[in-house]
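Summary of structural features
Here are the chains, one letter per residue:
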Amino acid sequence: MNTANIKKYAPKARNNFIAAVTKQAARYGITAKGTEPMEQRGDIELIGEKAFPRAIAPARKALERIVEQMGFAQAMEQAAYSWFNRLCAIRYMETHYFLDHGRRVLSTSNGEAGTPQILDDCLDISLPGLDPQQVAELKLDGNKDEELYRELLLAQCHALHEAMPFLFEAVDDATELLLPDNLTKTDSLIRELVNAIPEDDWQDVEIIGWLYQFYISEKKDQVIGKVVKSEDIPAATQLFTPNWIVQYLVQNSVGRQWLQTYPDSPLRNQMPYFIEPGEQPPEVQAQLDETVPDAVDPESIKVLDPACGSGHILVEAYKILKAIYEERGYRSRDIPQQILKHNLFGLDIDDRAGQLAGFALMMLAREDDRRLFSRVAEGDVTLNVLSLKETGHLNLPQLWQDLNLSGDWQQGSSQSLFEREQADLSSANADERYQLLHRTLERFEEAKTFGSLIEVPEEDAAPLKTLVDELEQLARTGDVMQKPAAEILLPYIQQAWILAQRYDAVIANPPYMGGKGMNAPLKKFAKDAYPNSKSDLFAIFMERAFSLLKPNGYNAQINMQSWMFLSSYEKLREWLLHNATIITMAHMGSRAFDSISGEVVSTTAFVVENAAFPNYSGAYIRLVDAKSEAEKRRLLLEAIQ
């Protein structure tokens, strides 16, 4: 993929989207200087001297709360990216003909910038919440294309909410209020998106990661090298992983596990970066043979990316797992559901990255299953890719009452509210589910700072999964109190369940941040919990991965090479040599990421088994002398061959 167009477009788009949503916020009386009061008069809301329909009041109030919570600039940043994200997602789907009505939403029927096809064909399109009579009236008027297109675009977002609620939020989302104006004009944000990136570049889902990488590049430059606030950690630490490095990591971890049990598998021919096991001393080979299972159920293979970014590693793991399922004779349309439900797990502290990772996997799965979106809406397909959420604002006693898991009180009973509360809460402390909820939510009070470094005991995995299933059921079929409470709690319990499990492979390009960039809570946490690797987040994640692995699982990462040499990592190296086994390492050195201008990152990629095999003969490939990413890739393939 030629990233030049994306690199030119995305940083400029960020500024344009921020300016556009800021203009919309000002229209509704919310600016960096303050908030104008809103006054209800009959069927209208007055904001200053402007009159608006009553219907905008809930969204405007929601926007006020968001600005109050996170500050004006951060709220505008978030809203701008939400719309950038949504429009890029729709652009990808329309170029792949994934939209059910078959029309293009952002471009003409032949994919060019111009009057969107959905606007031309609006009388033949049915979308949730779209009033056919209103559409007809606006269309026949002849002068209301802007208003009509806005309704069509919002209806499309609402339709996609059922399949991808993590990306297309609910109808009453305040972000909807900030959808920019003038979307049908020749200089609109949509026209610029369609014009800036050729349609050929939209064919690979990898484009989603590149768009995000370059979108945040300006913000990254602003915060790099400084003590970083929690909300800026993603921009300071994220770096897109080139696909060839991802293939090396995935093929030598997930692929290796399968080939150990099935050495004659045709999967071998689909993995150009796989390194054949070398000849081992007899005593080592005997130890290895004892650890190889006689059979592997594809559904049992669990893969985690604990800092998944835009999901590039999970996408590559999906491809390997798909080949494994096909080899075992699963029906093609069933494979996506199995992979998303059983095999792939991803976490990130960045909401936007979590959205993109989920979207990338959904698009791969949609290619293989035309009914995927409806299966998700029906609850048959589960996506285990999340952005970690903080819990400090939750009122657990109230949520517990609303869930009414123990049936302690009946809705509409004559019992007083006070008595009901007393009865419900007095039984809570004796209920193991309440205790599980309580200790779980306590762990995630600073989730945006500590991310996947938060530890959840393995023994909690089974009860957490039971609770996840119960909450999912209540979210679908619960009463008027249970349903919203279950929906609120579900993502917190799901993220805890993901961290409580143990995995066959943990694969990551972890965040890079030295102690000088860490804020005070993160620096203290690193010192207390990870004394052997506290000097940089990449090393902490390297160490953390071992505690997330099953015995003989694989820790596959690309990180900074400094852990191999510096005295500050001596204890980490000692632990590694005595407790784990390096299967393969490709020492990249600098310039492995030459598509990212200005980055000076000296790296090493490795696959380490979570077991000690003294005298194991690993495969080590030195690539430090190569002057470019392309040369390193070529030399790696030559060495493997």
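Rules used throughout
Just so you know, the residues in each chain are numbered from 1, in the order the chain's sequence is written. In view of the model being predicted, local features appear only for residues whose pLDDT reaches at least 70, and side-chain atom pairs are presented and counted only at 80 or more, with totals across whole chains, interfaces and linings using the full set of residues. To obtain the side-chain values, all non-hydrogen atoms of the structure were used and water was disregarded. Here a helix means four or more residues in a row that DSSP labels H or I, a strand means two or more in a row labelled E, and each is numbered from the N terminus. Note on method: radius of gyration uses C-alpha positions; expected globular size equals 2.2 Å times residues raised to 0.38. Any two residues having at least one pair of non-hydrogen atoms within 4.5 Å are treated as being in contact. The charge count includes Lys and Arg as positive and Asp and Glu as negative, but it does not include His or the ends of the chains. Think of each charge as sitting on NZ of Lys, CZ of Arg, CG of Asp or CD of Glu. By definition, two strands form a pair when at least two bridges between them are found by DSSP. In this description, a line fitted to the C-alpha atoms serves as the axis of each element, helices being fitted only across the stretch in contact, and the angle between N-to-C directions of two axes falls anywhere from 0 to 180 degrees. Confidence per residue, as judged by the predictor, is encoded in pLDDT with a range of 0 to 100. Each angle gets one of four labels, with under 35 degrees taken as roughly parallel, over 145 as roughly antiparallel, 65 to 115 as roughly perpendicular, and the rest as oblique. Crossing handedness is defined as follows: a turn of the near helix away from the far one that is anticlockwise and smaller than a right angle gives a left-handed crossing, while the clockwise case is right-handed. Side-chain classes follow a simple rule in which Ala, Val, Leu, Ile, Met, Phe, Trp, Tyr, Cys and Pro form the nonpolar group, Asp, Glu, Lys and Arg form the charged group, and the remainder, Gly included, forms the polar group. Multiply 1.5 Å by the residue count of a helix minus one, and that product is the helix's expected span. Only protein chains enter the accessibility calculation, which uses a 1.4 Å probe; a residue is then buried when its area is under 20% of its type maximum, exposed when over 50%, and partly exposed in between. Side-chain atoms alone can form a polar contact between residues adjacent in sequence; in general such a contact is a pair of N or O atoms within 3.5 Å, and within protein one must be able to donate a hydrogen while the other accepts it. Throughout this description, the term salt bridge denotes a Lys or Arg side-chain nitrogen within 4 Å of a carboxyl oxygen of Asp or Glu. Stacked, tilted and edge-to-face are the three classes applied to pairs of Phe, Tyr and Trp rings, where Trp contributes its six-membered ring and a pair requires centres within 6.5 Å; stacked means planes under 30 degrees apart, edge-to-face means over 60, and tilted covers the rest.

Counting its regular elements, the protein contains 27 helices and 13 strands. The C-alpha atoms of the protein give a radius of gyration of 26 Å, which matches the 26 Å a tight globule of 641 residues would have. Long-range contacts, defined here as pairs at least 24 residues apart, represent 74% of the contacts in the protein between residues at least 6 apart. Taking the average location of the 65 positive side-chain charges in the protein and that of its 93 negative ones, the two points are 5 Å from each other.

It is worth spelling out the pairing of strand β10 (residues 549–560) at this point. Bridge count for strand β9 (residues 503–508) against β10 is five bridges, and the pairing is parallel. Residue pairing for β10: A505 is matched across the bridge by Y554. Strand direction decides the pairing type here: β10 and strand β12 (residues 603–609), joined by seven bridges, are antiparallel. The residue bridging I558 from the neighbouring strand is A605, located in β12.

Turning our eyes to something else, we now look at the sheet that holds strand β6 (residues 303–305). Strands pair in a sheet through their backbones, by hydrogen bonds, and they do so in one of two ways: parallel or antiparallel. As summarised here, the arrangement of the eight strands in space is β8-β7-β6-β9-β10-β12-β11-β13, forming an open sheet in which the pairing is mixed. A single partner strand is all that each edge strand has here, and the edge strands are β8 (385–387) and β13 (619–622). Going across the sheet, the axis of each strand differs from the next one's by a mean of 10°, ignoring polarity. Pairing of β6 with strand β7 (residues 344–348) involves three bridges; the strand directions are parallel. Across the sheet, residue D305 finds its bridge partner in β7, namely G346.

This next bit is on the confidence of the model for the protein. Atomic detail in the predicted coordinates should be set aside for any region of low pLDDT. Across the protein, pLDDT averages 90, with 92% of residues at or above 70. Low pLDDT, under 50, characterises residues 412–418; the stretch is placed with three contacts to residues that sit more than four places away or in other chains.

Now for the packing of helix α12 (residues 254–261) against helix α14 (residues 312–327). Relative to each other, α12 and α14 sit at 25°, their axes nearing to 9 Å. Relative to α14, the element α12 lies roughly parallel. In terms of crossing hand, the pair formed by α12 and α14 is left-handed. Mapping the contact onto sequence places V254, G255 and W258 in α12 and I320, L321, I324 and E327 in α14. Along the lines of polarity and charge, the residues of the contact of α12 with α14 split into five nonpolar, one polar and one charged.

Its 18 residues give helix α16 (residues 351–368) an end-to-end C-alpha distance of 26 Å, which sits within 8% of 26 Å, the value for a rise of 1.5 Å per residue. Counting buried positions over the 18 residues of α16 gives 15, a clear majority of the element. Capping of α16 at its N-terminal end is provided by D350; its side-chain oxygen lies 3.1 Å from the backbone amide nitrogen of R352.

Oppositely charged side chains can form a pair if their charged atoms are brought close together. Taken as a whole and judged by the stated rule, the model has 31 salt bridges. A salt bridge links E94 to R91; the shortest N-O distance between them is 2.7 Å. Note that E94 and R91 are positioned in helix α3 (residues 72–95) at a spacing of three residues, about one turn of the helix. Judged by relative accessible area, which is 1%, R91 ranks as buried. Taken together, the shared-partner salt bridges connect R14, E77, D350 and R352 into one network.

Okay, the environment of N384 next. Mapped onto the elements of the fold, N384 is located in the loop between α17 (372–377) and β8. Considering only alpha carbons, one finds N384 and G346, 38 residues apart in sequence, at a separation of 6.5 Å. Sequence-distant contacts of N384, defined by excluding residues within four places in its chain, comprise L340, K341, L344, F345, G346, Q494, W497 and I498. One polar contact links the side chain of N384 to the main-chain carbonyl oxygen of L340, over a distance of 3.3 Å. Separated by 2.9 Å, the side chains of N384 and Q494 make a polar contact.

In this section: the pairing of β9. Both faces of the sheet carry side chains from a regular strand, because those side chains alternate between them. Of all six residues in β9, six are buried; the element is thus mostly enclosed. Here two bridges tie β6 to β9, and the two strands are oriented parallel to one another. Bridging across to β9, L304 finds its partner in V506.

We now examine the packing of aromatic side chains. Summed over the entire model, instances satisfying the criterion amount to 20 aromatic pairs. Note on Y512 and F538: the rings are 6.2 Å apart at their centroids and 80° apart in plane angle, and the pair reads as edge-to-face. Taken together, the residues span a long stretch of sequence, with Y512 in the loop between β9 and α24 (520–529) and F538 in helix α25 (residues 537–547) at a distance of 26 residues. Here Y512 falls in the buried class, since its relative accessible area comes to 15%.

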